[in-house]
Amino acid sequence: VQLQASGGGSVHTGGSLRLSCAASGRSLSNYDMGWFRKTPGMEREFVAAIKGGTTTTAYADAVKGRFTISRSYLQSTVSLQMNSLKPEDTAVYYCAARRRRVGDLTLRSTYNDWGQGTQVTVSS
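Scope of this entry: the structure provided in the associated data block. (Residues numbered from 1 in each chain as written. Predicted model: local features only at pLDDT ≥ 70, side-chain atom pairs only at ≥ 80, totals over all residues. Heavy atoms only, no water.)

1. Some points on the environment of Gly15
Note on placement: Gly15 falls in the loop between β2 (9–12) and β3 (17–23). On a C-alpha basis, the gap between Gly15 and Ala5 in space is 20 Å, while along the polypeptide they are ten residues apart. Every residue in contact with Gly15, bar those within four places of it in the chain, is listed here: Met82, Asn83, Ser84 and Leu85. (Helix = DSSP H or I, 4+ residues; strand = E, 2+ residues; numbered from the N terminus. Contact = heavy atoms within 4.5 Å.)

Next up, the structure:
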């Protein structure tokens, strides 16, 4: 599935951004969807995920209580609402998809399809 991420930008500490991920011409309801982020010199790390066909979610400890992942009513987009942003949230954010499956939602290697990345910059 081809994914298109959007919604990145620049904010100050405490600000909010909403990222969206859409698949061209298809529903994402049968896919587990994840958000990952990468900073220079670091591995791409897990941020949040939502399981296909359910409302089951998972979050990295660093973003719990500040970020919320959700699906649109028509299952065509997956969003990441990011509140109370901190400078350490600065990264390129990627959405990812895998066919719905049993197993850990946080494992980067289990996702097959990736969007192009969108830059989030949080300044103090």
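2. As for the side chain of Thr118
Residue position: Thr118 is located in strand β11 (residues 118–123). Its relative accessible area of 10% is what places Thr118 among the buried residues. At 3.1 Å, the side chain of Thr118 and the backbone nitrogen of Gly8 are in polar contact. Setting aside chain neighbours within four positions, we find Thr118 in contact with Ala5, Ser6, Gly7, Gly8, Leu19, Ala91, Val92 and Tyr93. (Buried < 20%, exposed > 50% of the residue type's maximum accessible area, 1.4 Å probe, protein only. Polar contact = N/O pair within 3.5 Å; in protein donor to acceptor, adjacent residues only side chain to side chain.)

3. Things to note about the state of the cysteines
All chains considered together, the criterion is met by one disulfide. With a sulfur-sulfur separation of 2.2 Å, Cys21 is cross-linked through a disulfide to Cys95. Between Cys21 and Cys95, the disulfide has an S-S torsion of 65° and is therefore right-handed. With a gap of 74 residues between them, Cys21 in strand β3 and Cys95 in strand β9 (residues 91–99) connect regions that are remote in the sequence. For the residue pair Cys21 and Cys95, the accessibility class agrees, reading buried in each case. (Disulfide = S-S within 2.5 Å.)

4. Examining the nonpolar core
Counting residues in each nonpolar core, the largest one holds 35 residues, and the members touching the most others are Met33, Trp35, Leu80, Met82 and Tyr93. Those elements that place two or more of their residues in this core are β1 (3–6), β3, β4 (31–38), β5 (45–50), β7 (67–71), β8 (77–82), β9 and β11. What Tyr93 contacts, discounting residues up to four positions off in sequence, is Leu19, Trp35, Phe36, Arg37, Val47, Phe67, Leu80, Met82, Gly117, Thr118 and Val120. (Core = buried A, V, L, I, M, F, W, Y, C linked by side-chain atoms within 4.5 Å.)

5. Quick notes on the packing of aromatic side chains
For the structure on display, the rule yields four aromatic pairs. Between Phe36 and Tyr111 the ring centres are 5.3 Å apart and the planes differ by 75°, which places this aromatic pair in the edge-to-face class. Here Phe36, found in strand β4, pairs with Tyr111, found in the loop between β9 and β10 (113–114); they are 75 residues apart in sequence, far enough to count as distant. Exposure class is identical for Phe36 and Tyr111. Each is buried. Connected via pairs of aromatic rings, a cluster forms that spans Phe36, Phe46, Tyr111 and Trp114. The ring of Tyr94 carries Arg44 above its face, with NZ or CZ at 3.7 Å from the centroid. (Phe/Tyr/Trp six-rings, centres within 6.5 Å; stacked < 30°, edge-to-face > 60°. Lys NZ or Arg CZ within 6 Å of the ring centre and 35° of its normal.)

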